[in-house]
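Given next are the chains, with one letter for each unit.
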Amino acid sequence: MILFVSGQYAGAQYIHPLIKKWSTKNKIEWNIIAAGASCKYWKETNVKHTCINKISHSIVSDYLEYLKPTLVITSTSINYDFEAVFIIEAKKKSIPTASFIDFWSNYLNRFKYGGDLVFPDNIFAIDHRSVIEMTTEGVPENLIKMIGQPYFEEVQNNIVEI
């Protein structure tokens, strides 16, 4: 089971096309843990999710123990510890982790937690430009995988010609 973790609206938008695609084609089991503005997005789109208002390492550890995901994929909110706590706790339990970059800015800041940098096992980049910018800012190149931006791609594919 894949556990998606989103803290901001744009992060939820990024995840949604993946869930729609994987749910219809591969029957992949998934769950969503959300906080902040992403709760609003999931509610507006009628997608099943669990909204968390209070975050702590013990709460996250308990969720991971209960759900037993095989992979945790997080958004990368700036100035918000939500995703970092999931990465830390998943790694303690040897659960593979990945985070995605949904926009071209503030790459390294997305992984700051307290005074530390908390990196997942993989970081999903939008394009070649974002890979270059991430490595320039100090994100370890060996963690970066270029996969695109599913929300932008979905919007682009649904534009009506004039």
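Residues numbered from 1 in each chain as written. Predicted model: local features only at pLDDT ≥ 70, side-chain atom pairs only at ≥ 80, totals over all residues. Heavy atoms only, no water.

1. What to know about the pattern of salt bridges
Using the following cut-off: Salt bridges are counted wherever a side-chain nitrogen of Lys or Arg sits within 4 Å of a carboxyl oxygen of Asp or Glu. In DSSP terms, a helix is any run of H or I states spanning at least four residues, a strand is any run of E spanning at least two, and both are numbered starting from the N terminus. Summary of the burial criterion: residues with accessible area below 20% of their type's maximum are buried, those above 50% are exposed, and those between are partly exposed, where the area comes from a 1.4 Å probe applied to protein chains only.
According to the stated counting rule, one finds 7 salt bridges in the structure shown. Residue lysine 91 pairs with aspartate 121 through a salt bridge whose shortest N-O separation is 3.7 Å. One end of the pair, lysine 91, is in helix 4 (residues 82-92); the other, aspartate 121, is in the loop between strand 7 (116-117) and strand 8 (122-125), and 30 residues separate them in sequence. Residue classification places lysine 91 among the partly exposed residues on the basis of a relative accessible area of 37%. The partner of glutamate 133 in a salt bridge is arginine 129, with the nearest N and O atoms 2.9 Å apart. One end of the pair is glutamate 133 and the other is arginine 129, both in helix 5 (residues 128-137) and 4 residues apart, which spans about a single turn. The class for glutamate 133 is partly exposed, based on a relative accessible area of 25%. Each of Glu65, Lys68 and Lys93 takes part in one network of salt bridges that share partners.

2. Some words on the nonpolar core
For clarity, the cut-off: Only buried Ala, Val, Leu, Ile, Met, Phe, Trp, Tyr and Cys residues count toward a nonpolar core, and they belong to the same one when joined by side-chain atoms within 4.5 Å. In what follows, residue pairs with any heavy atoms lying within 4.5 Å of each other are defined as contacts.
Membership of the largest hydrophobic core comes to 18 residues, with the highest contact counts inside it found for Phe4, Ile19, Ile32, Trp42 and Ile73. Those elements that provide at least two residues to this core are strand 1 (2-6), helix 1 (9-25), strand 2 (30-34), helix 2 (37-44) and strand 5 (97-100). Ignoring any residue separated from it by four or fewer positions in sequence, one finds phenylalanine 4 in contact with Ile15, Ile19, Trp22, Trp30, Asn31, Ile32, Ile33 and Ile73. Grouped together as the second largest cluster of nonpolar side chains are 15 residues, Ala35, Ile52, Leu67 and Ala90 included.

3. Describing helix 3 (residues 57-67)
For clarity, the threshold we go by: Think of it as the arc spanned by the lines of direction from the helix axis to the C-beta atoms.
By the burial criterion, the buried members of helix 3 are Val60, Ser61, Leu64 and Leu67. Seen end-on, helix 3 carries its buried residues on one side only, within an arc spanning 140 degrees. Helix 3 presents Asp62 and Tyr66 as exposed residues on the side facing more than 90 degrees away from its buried surface. Those residues of helix 3 that are buried are in contact with strand 1, strand 2, strand 4 (71-74) and helix 4. Downstream of helix 3 by one or two residues, lysine 68 has phi in the positive range, about 50 degrees.

4. Re the state of the cysteines
The following threshold applies: Note on disulfides: each one is a pair of cysteine sulfur atoms within 2.5 Å.
Going through the model one piece at a time under the given rule, you end up with 1 disulfide. Note on cysteine connectivity: cysteine 39 is disulfide-linked to cysteine 51, with sulfurs 1.9 Å apart. Residues cysteine 39 and cysteine 51 share a disulfide whose torsion about the S-S bond is about 95 degrees; that sign makes it right-handed. Residue cysteine 39 is found in helix 2, and its partner cysteine 51 is found in strand 3 (residues 50-51); the two are separated by 12 residues along the sequence.

5. Describing unusual backbone geometry
In this structure, lysine 68 takes a positive phi of about 50 degrees despite not being glycine. Within the fold, lysine 68 resides in the loop between helix 3 and strand 4. One non-glycine residue, serine 94, lies in the positive phi region at around 60 degrees. Relative to the elements of secondary structure, serine 94 occurs in the loop between helix 4 and strand 5.

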